[in-house]
Amino acid sequence: MTHSDPGSTTLRSRMVGGLRATDDGSELTLAGWVHRRRDLGGLVFVDLRDRSGLLQVSFGPDWTDADALERAGRLGHEDVIRVEGTVARRPEGAENPDLPTGAVELRARTLEILSDAETPAIPVYRTPEEELPAEELRLQHRHLDLRRPELQEALILRHKLILAARNYLDALGFVEVETPILTKATPEGARDYLVPSRVHKGEFYALPQSPQLYKQILMVAGFDRYFQIARCFRDEDLRADRQPEFTQIDVEASFVQPDDILAWMEGLMARLAEVAGIDAPVPFRRLAWAEAMERYGSDRPDLRIPLEIRDWSGALRSIEMGIVRSALEAGGRVRGLLLEGGARLSRKQIEAVEAEARATGAPGLLWAKRSEDGTSGPLGKFLGEAETAALGLGVGDLALAAAGPDSITGPALAAARTAAAAALEIPHRSGHSWLWVTEFPVFEEQDGVVAPSHHPFVMPHPDDIDLLETDPLAVRGTAYDLVYNGTELGSGSIRIHLPELQRRVLRVLGLSEEEIDEKFGFLLKALAAGAPPHGGIAFGMDRIAQRFIGAGSLRDVIAFPKTTAARALFEGAPTPVEGDQLEELGLAPAKPDQPGG
């Protein structure tokens, strides 16, 4: 059976959201949910809802079958109904300008109740003044929560973003290839979810943290350009902005350098931004990691905030303040933020900014206010005229400083920068800030051990390869992150395509030759077969959707999300497993034989 309208089925003529005044007089059959019902004497009005929107349906004695009119008066919220009638303009003065369909209504002749609904556990219809129920309750009743128009709109826009990504990458010659979900555990910075094998007892698959190795092998295999809308899994500690399972736009290409990847991905973001109705003027700004950390204390700075960190070590070297002197003698620095007009912040507001800095692990902030009467504050009382001038501290200004190693002061001042800008209501430079942060370190120190900064497959900067064994923490990588309004949307790099160089990097990470062959032998075997220079990137689809839509949480752009405790409240997962199932998987000891058995 063919239908002239995309929303048409055997049970309805179309969906409701597209009806306009030009449809006046059309004979239609519509179906959906009862959003709300209003009785006005002998008239009954029902807001009929489907995915496309709302439409007023009117039932009256002059145009509705008597039995249908009686049933209309008994309709409850969320009942599923089917109505047949005529589209008519609403009477003058009765239009609803807040609804796209507000100029018309369907005057129903018949009413069929397709499904009676129990009283909803949480309301789908609410007035703008009414608050949402608690999120935990909404997640327990996600089938009802997902009926809210704002969540449906978010998921529909997410669909359009993914479709646009597929079309854009396809037009550039990228081929979508699915990679395994049941795979081998590899160290990528987070814990793997493990899946026991029933056939091979005592052995486990891992769910992929990313398709990283498979997409590299696809480049070795000659696919040249790959992409995938990939499901990934990470068993991380509880974090409000993470989900244990998530979706990536995963991309890899051969015979490329960073400029190729960055140009293609700028085009992709511009296309997705167009779908979402936001600005993404290309090319995006680029900033080396070391410069970003120096100026903003963060590798994902929000450049809409017009504040930069300053080095005040020289200006404050001679003051008689123990904290400053100790930090400088230990080889640290004194860095800070100059807030013009910041002296208007109260002590309580400054303490709130300081609390954000402390949350990063810093002991606190030093601050100085300048008024007509001089300087005040823990730092201010140590400042003379020369120091005040060197800081650039004018009347009405506030200086916030942190003393110590950059690893402590950078994150503290980055947090203070954001908090202070919000407290002072500093106008953002623009609504949309796009930034590539490049040349990340290949390695970082974690608990005294050298670890990969991104993952162990990043190609070192050609000028730094000789430092691998002698000064690994100084080695820059051909790695890049895309930052939007202070949020990392994606991360990528040029990969190591030479097997011996890959072995050198793995040795720096402390792996023995046996461990290298056991964990990465299949990759090294592939690279040894002739691998092209290649690189790529992965974008967090959930995060892109959240930021573009302006949702308050990742959970608002995922149909069935987990809580911050990694629980699925709707279906009640995870759950205990019966002993027999564990025994079948080889995860529980066999039951002892019964006497006489």
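The structure reproduced in this document is the subject of the present report.

Cut-off values and rules
- Residues numbered from 1 in each chain as written.
- Predicted model: local features only at pLDDT ≥ 70, side-chain atom pairs only at ≥ 80, totals over all residues.
- Heavy atoms only, no water.
- Buried < 20%, exposed > 50% of the residue type's maximum accessible area, 1.4 Å probe, protein only.
- Helix = DSSP H or I, 4+ residues; strand = E, 2+ residues; numbered from the N terminus.
- Pairing = 2+ DSSP bridges.
- Phe/Tyr/Trp six-rings, centres within 6.5 Å; stacked < 30°, edge-to-face > 60°.
- Lys NZ or Arg CZ within 6 Å of the ring centre and 35° of its normal.
- Expected span 1.5 Å × (residues − 1).
- Contact = heavy atoms within 4.5 Å.
- Axes fitted to C-alpha atoms, helices over the stretch in contact; angles between N-to-C directions.
- Salt bridge = Lys/Arg side-chain N within 4 Å of Asp/Glu carboxyl O.
- Parallel < 35°, antiparallel > 145°, perpendicular 65-115°, else oblique.
- Left-handed = near helix turned anticlockwise from the far one by under 90°.
- Nonpolar A, V, L, I, M, F, W, Y, C, P; charged D, E, K, R; others polar.

Some points on the pairing of strand 2 (residues 43-50)
Right, on to step 1. Where burial is concerned, most of strand 2 is hidden: seven out of the eight residues are buried.
Right, on to step 2. By the bridge criterion, seven bridges tie strand 1 (residues 27-40) to strand 2 in an arrangement that is antiparallel. In the sheet register, R38 faces strand 2, and the bridge partner there is F45.
Right, on to step 3. The antiparallel hairpin formed by strand 1 and strand 2 contains two residues in its connecting segment, where G41 sits at a positive phi of about 65°.
Right, on to step 4. In the sheet, strand 2 pairs with strand 3 (residues 53-59) via seven bridges, with the strands oriented antiparallel. Its bridge partner being in strand 3, V46 is matched across the sheet by V57.
Right, on to step 5. Hairpin connection, strand 2 to strand 3: the antiparallel pair is bridged by two residues.

Section: the packing of aromatic side chains
Right, on to step 1. Within the structure shown, the criterion is met by eight aromatic pairs.
Right, on to step 2. The interplanar angle of 90° and the centroid separation of 6.2 Å between the aromatic rings of W436 and Y480 together place this pair among those described as edge-to-face. Linking W436 in strand 17 (residues 434-438) with Y480 in strand 20 (residues 479-484), this pair joins segments that are 44 residues apart in sequence.
Right, on to step 3. With a relative accessible area of 2%, Y480 lands in the buried category.
Right, on to step 4. Their ring planes at 75° and their centres at 5.7 Å tell us that F457 and F520 sit as a pair that is edge-to-face. Taken together, the residues span a long stretch of sequence, with F457 in the loop between strand 19 (449-452) and strand 20 and F520 in helix 14 (residues 513-527) at a distance of 63 residues. We note that F457, like F520, is buried.
Right, on to step 5. Taken together through their ring pairs, the aromatic side chains of F284, W434, Y484 and F548 make up a single cluster.
Right, on to step 6. Directly above the ring of W63 sits R107, whose terminal nitrogen or CZ lies 5.3 Å from the centroid.
Right, on to step 7. One cation-aromatic arrangement involves R225 over F174; the distance from NZ or CZ to the ring centre is 5.7 Å.

Observations regarding helix 14
Right, on to step 1. The end-to-end C-alpha separation of helix 14 is 16 Å, well short of the 21 Å expected for 15 residues at 1.5 Å each.
Right, on to step 2. Within the span of helix 14, buried status applies to I516, F520, G521, L523, L524, A526 and L527.
Right, on to step 3. Summarising the contacts, the buried residues of helix 14 are in contact with helix 5 (212-220), helix 13 (499-508) and strand 22 (534-540).

Things to note about the sheet that holds strand 15 (residues 374-376)
Right, on to step 1. Strand order in the open sheet formed by five strands is 12-13-16-14-15, with antiparallel pairing between adjacent strands. Whereas interior strands pair on both sides, the edge strands pair on one side only; in this sheet they are strand 12 (310-311) and strand 15.
Right, on to step 2. Direction of pairing for strand 12 relative to strand 13 (residues 333-339): antiparallel, over a ladder of two bridges. Bridge pairing in strand 13 links R310 to G336.
Right, on to step 3. Against the sheet, helix 12 (residues 406-424) contacts strand 13 and strand 16 (398-404), and its axis sits at roughly 10° relative to strand 13.

Quick word on the pattern of salt bridges
Right, on to step 1. One pass over the full model with this rule turns up 47 salt bridges.
Right, on to step 2. The shortest N-O distance in the salt bridge between E150 and R126 comes to 3.2 Å. Here E150 is found in helix 4 (residues 149-171), whereas its partner R126 is found in the loop between strand 5 (104-115) and helix 2 (135-140), with 24 residues between them in sequence.
Right, on to step 3. Notably, a salt bridge pairs R476 with E439, separated by 3.3 Å at the nearest N-O pair. Separated by 37 residues along the polypeptide, R476 in the loop between strand 19 and strand 20 and E439 in the loop between strand 17 and strand 18 (443-446) bring together distant segments of the chain.
Right, on to step 4. Beyond isolated ion pairs, a larger network of salt bridges with shared partners links R126, R138, R142, D145, R148 and E150.

Focus on the packing of helix 4 against helix 15 (residues 541-549)
Right, on to step 1. As a packed pair, helix 4 and helix 15 sit with axes 10 Å apart at the nearest point and diverge in direction by 120°. Considering the angle they form, helix 4 stands oblique to helix 15. Both helix 4 and helix 15 take part in a crossing whose hand is right-handed. For the pair helix 4 and helix 15, the contacting residues are A154, L157, R158, L161 and I162 in the first and M541, D542, I544, A545, F548 and I549 in the second.
Right, on to step 2. Along the lines of polarity and charge, the residues of the contact of helix 4 with helix 15 split into nine nonpolar, no polar and two charged.

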